[in-house]
Amino acid sequence: MDAESGDDARLPEYLGIVGRTGRRMLAMVEDVLAFATIGGDLQPAAVSLAELVGDVIADLATAVEESGASVDSGELVFTADPVQTRVLLQNLIHNALNYRRPGVPPVIHVTGHRGEDGAVLRVIDNGKGIASGDRERVLDPLVRLDRQGDPPGSGLGLATCARIAAAAGGRLDLGSAPGSGTVVTVHLGPGS
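Just so it is clear, the model here is predicted, and its values are computed rather than measured.

Undergrad: Before we move on, can you summarise the overall build of the protein with the specific residues and values?
TA: Helix and strand counts for the protein stand at five helices and seven strands. Counted from the first residue to the last, the protein has its helices and strands arranged as α-β-α-α-β-β-α-β-β-α-β-β. Counting over 192 residues, the protein shows a buried share of 37%. Accessible surface, the protein: about 10600 Å² in total, of which carbon and sulfur atoms supply 55%.

This is the structure:
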């Protein structure tokens with residue numbers, strides 16, 4: 001067997017590597033573009049939390065089904081940019097699916113209520129959680145925790161969510177769920 005025919009035999013392997021690398025780079029570029037456009041021209045409208053969560057679950061149906069997750073949502077009608085609020089919820093629910101504890105199906109509760117300064121949304125999961133010392137840091141762009149078993153990612157999901165909350169005149173807080181997991185609280189500003 002000469003060197004040239006050996007290279008030909010490995011061509012499918014090389015093409016697979018190039019394809020995977022290209023898809024990861026495209027996903028990163030899409031994440032960076034989405035992050036860069038957050039908070040621009042807001043288009044406030046009446047939004048139903050239950051409908052948004054239903055749309056997000058439909059978008060993530062494969063991941064929800066494969067993980068055995070259960071996702072429930074409370075109802076709240078509030079004023080916000082529907083597109084950016086959907087991106088926020090999609091990132092938070094996607095994180096809850098991805099950062100689950102091994103062997104434990106994700107349980108995700110999405111709630112909403114009116115606070116003093118606007119709507120307050122919460123996404124509560126039973127996943128791995130985020131250590132208190134890392135909670136501020138993971139809201140910065142491109143910061144990822146280095147934990148065993150975590151999936152690859154861009155480090156822009158939570159930063160995007162924090163930016164959406166800030167663009168709406170609010171903020172995003174991270175905390176611990178009882179037992180294990182994460183509570184993400186999104187305070188949307190006045191008018192929500």
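Undergrad: Explain the pattern of salt bridges residue by residue, including any values.
TA: Per the counting criterion, the structure on display carries three salt bridges. In this structure, the salt-bridge partner of Asp 55 is Arg 86, at a minimum N-O distance of 3.8 Å. Of the two residues, Asp 55 is situated in helix H2 (residues 49-59) and Arg 86 in helix H4 (residues 82-98); the sequence distance between them amounts to 31 residues. Of the residues examined, Arg 86 reaches a relative accessible area of 28% and is grouped as partly exposed. Through salt bridges that share partners, Asp 55, Asp 59 and Arg 86 make up one connected network.

Undergrad: Quick rundown of the side chain of Thr 85? Include the residues and the values.
TA: Along the chain, Thr 85 turns up in helix H4. By relative accessible area, Thr 85 is classed as buried at 5%. Within the structure, the side chain of Thr 85 is placed 2.7 Å from the backbone oxygen of Asp 81, a separation counted as a polar contact. If we skip the residues at most four places from it in the chain, Thr 85 touches Leu 52, Phe 78, Ala 80 and Leu 121.

Undergrad: Talk me through the packing of H2 against H4; I want residue IDs and the actual numbers.
TA: For the pair H2 and H4, interaxial distance at closest approach is 9 Å and the crossing angle is 55°. Classified by the angle their axes make, H2 and H4 are oblique. In the packing of H2 onto H4, the handedness of the crossing is right-handed. Between H2 and H4, the residues in contact are Leu 49, Leu 52, Val 53, Asp 55, Val 56 and Asp 59 and Pro 82, Thr 85, Arg 86, Leu 89, Gln 90 and Ile 93, respectively.

Undergrad: So, the sheet that holds strand E6 (residues 171-176): which residues are in play, and what are the values?
TA: Here five strands make up an open sheet; going across it, the order is E2-E4-E5-E7-E6 and the pairing mixed. The open sheet is flanked by strand E2 (70-73) and E6, the only strands paired with a single partner. Each strand of the sheet is rotated relative to its neighbour by a mean of 15°, with strand direction disregarded. As defined by bridge partners, E2 adjoins strand E4 (residues 107-115) across four bridges and the pair is classed as parallel.

Undergrad: Got a sec to walk through the confidence of the model for the protein? Specific residues and values, please.
TA: Here the protein shows a mean pLDDT of 81. Residues at 70 or above account for 74%. Within the protein, the element-level pLDDT minimum falls on helix H1 (residues 3-37), averaging 65, and the maximum on H2, averaging 95.

Undergrad: Any details on the pairing of E6? Residues and values, ideally.
TA: In this structure, E6 lies alongside strand E7 (residues 182-187), joined through six bridges in antiparallel fashion. From the neighbouring strand, Leu 172 faces E7, where its bridge partner is Val 186. Counting the residues in the hairpin turn of E6 and E7 gives five residues, including Gly 179, whose phi is positive at 85°.

Undergrad: Hey, could you go over H2 for me, with residue numbers and the actual values?
TA: Where H2 is concerned, the buried positions are Leu 49, Leu 52, Val 53 and Val 56. Buried residues of H2 fall within an arc of 95° about the axis and therefore sit on the same side. Set apart from the buried face of H2 by more than 90 degrees, the exposed residues are Glu 51 and Ala 58. Contacts from the buried residues of H2 go to strand E1 (45-48), E2, strand E3 (77-80), H4, E4 and strand E5 (118-125).

Undergrad: Tell me about the pairing of E7, and please be specific about residues and values.
TA: Within E7, six of the six residues are buried, which leaves it mostly tucked inside the rest of the structure. In this structure, E5 lies alongside E7, joined through five bridges in antiparallel fashion. Paired with Arg 122 across the bridge in E7 is Thr 185.

Cut-off values and rules
- Residues numbered from 1 in each chain as written.
- Predicted model: local features only at pLDDT ≥ 70, side-chain atom pairs only at ≥ 80, totals over all residues.
- Heavy atoms only, no water.
- Helix = DSSP H or I, 4+ residues; strand = E, 2+ residues; numbered from the N terminus.
- Buried < 20%, exposed > 50% of the residue type's maximum accessible area, 1.4 Å probe, protein only.
- Areas by Shrake-Rupley, 256 points an atom, 1.4 Å probe, with all protein chains shown as cover.
- Salt bridge = Lys/Arg side-chain N within 4 Å of Asp/Glu carboxyl O.
- Polar contact = N/O pair within 3.5 Å; in protein donor to acceptor, adjacent residues only side chain to side chain.
- Contact = heavy atoms within 4.5 Å.
- Axes fitted to C-alpha atoms, helices over the stretch in contact; angles between N-to-C directions.
- Parallel < 35°, antiparallel > 145°, perpendicular 65-115°, else oblique.
- Left-handed = near helix turned anticlockwise from the far one by under 90°.
- Pairing = 2+ DSSP bridges.
- pLDDT = per-residue confidence, 0-100.
- Arc of directions from axis to C-beta.

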